[in-house]
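Structural characterization, general
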Amino acid sequence: MISYCYNTGQLYNQSGAISGHALSALYNASTLTSCYALEGIGSTLYSEWDNFTGSVTNCSYLTQEQMKLQASFVGWDFVNVWQIEEDVSYPTLRNIAIS
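Residues numbered from 1 in each chain as written. Predicted model: local features only at pLDDT ≥ 70, side-chain atom pairs only at ≥ 80, totals over all residues. Heavy atoms only, no water.

1. Some points on the packing of aromatic side chains
- What the rule picks out here adds up to 11 aromatic pairs.
- Aromatic pair Tyr 6 and Trp 82: ring centres 6.4 Å apart, planes at 55°, arrangement tilted. Of the two residues, Tyr 6 sits in strand 1 (residues 2-7) while Trp 82 sits in strand 7 (residues 82-83), which places them 76 residues apart along the sequence.
- The partly exposed category is assigned to Tyr 6, whose relative accessible area is 26%.
- What links up through ring pairs into an aromatic cluster is the set Tyr 4, Tyr 6, Tyr 36, Phe 73, Trp 76, Phe 78, Trp 82 and Tyr 90. (Phe/Tyr/Trp six-rings, centres within 6.5 Å; stacked < 30°, edge-to-face > 60°. Helix = DSSP H or I, 4+ residues; strand = E, 2+ residues; numbered from the N terminus. Buried < 20%, exposed > 50% of the residue type's maximum accessible area, 1.4 Å probe, protein only.)

2. Overview of the environment of Met 67
- Within the element layout of this structure, Met 67 appears in the loop between strand 6 (60-62) and strand 7.
- Separated by 31 residues in sequence, Met 67 and Tyr 36 have C-alpha atoms that sit 8.5 Å apart.
- Residues within four places of Met 67 in sequence aside, it is in contact with Tyr 6, Asn 7, Thr 8, Leu 38, Leu 62, Phe 73, Ile 84, Ser 89, Tyr 90 and Pro 91. (Contact = heavy atoms within 4.5 Å.)

3. Some thoughts on the confidence of the model for the protein chain
- Averaged over all residues, the pLDDT of the protein chain equals 76, while 63% of them reach at least 70.
- Across the protein chain, the secondary-structure element scoring lowest on mean pLDDT is strand 3 (residues 18-20), at 53, and the one scoring highest is strand 7, at 94.
- With pLDDT under 50 throughout, residues 42-46 is counted as low confidence; its partners more than four residues away or in other chains account for nine contacts. (pLDDT = per-residue confidence, 0-100.)

4. Section: unusual backbone geometry
- Of note, the phi angle at Tyr 4 is positive, near 55°, even though the residue is not glycine.
- Structurally, Tyr 4 can be placed in strand 1.
- Exposure remark for Tyr 4: the relative accessible area of 37% places this residue in the partly exposed category.
- Its identity as a non-glycine residue notwithstanding, Asp 87 has a phi of 65°, on the positive side.
- By the secondary structure assignment, Asp 87 is in the loop between strand 7 and strand 8 (92-93).

5. Overview of the nonpolar core
- Residues Tyr 36, Leu 38, Leu 62, Met 67, Phe 73, Trp 76, Phe 78, Trp 82 and Ile 84 constitute the largest nonpolar core, which totals nine residues.
- Once residues lying within four places of it in the same chain are set aside, the contact partners of Phe 73 are Tyr 6, Tyr 36, Leu 62, Gln 66, Met 67, Phe 78, Ile 84 and Pro 91. (Core = buried A, V, L, I, M, F, W, Y, C linked by side-chain atoms within 4.5 Å.)

6. Here we look at the pairing of strand 4 (residues 31-38)
- The buried count for strand 4 comes to eight of eight residues, which makes it a mostly enclosed element.
- Relative to strand 4, strand 1 runs parallel, the two sharing five bridges. Bridge pairing in strand 4 places Tyr 6 opposite Tyr 36.
- Taken together, the three bridges between strand 4 and strand 6 define a ladder with parallel strand orientation. From the neighbouring strand, Leu 38 faces strand 6, where its bridge partner is Leu 62. (Pairing = 2+ DSSP bridges.)

Structure below.
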């Protein structure tokens, strides 16, 4: 099970072509819950959720603006685990400084 994660980057294969994003490599997980990926990295939109064969709950693509809003991350614990500087940064774990 993979829960409460996000991805903002792309994966490239050995020939340098875009092959998806980090969440696309998680097909062996049985469940994805509250995971998010940056929408439209470059000019490419992915449909990885459609290819995942396990259970997917509260997972979606977010724009850069949405990725910087606490309200976009459904079910995330922003009191004890995560922190975010609204409209400035993506979420980080509380023990990691925002830079």
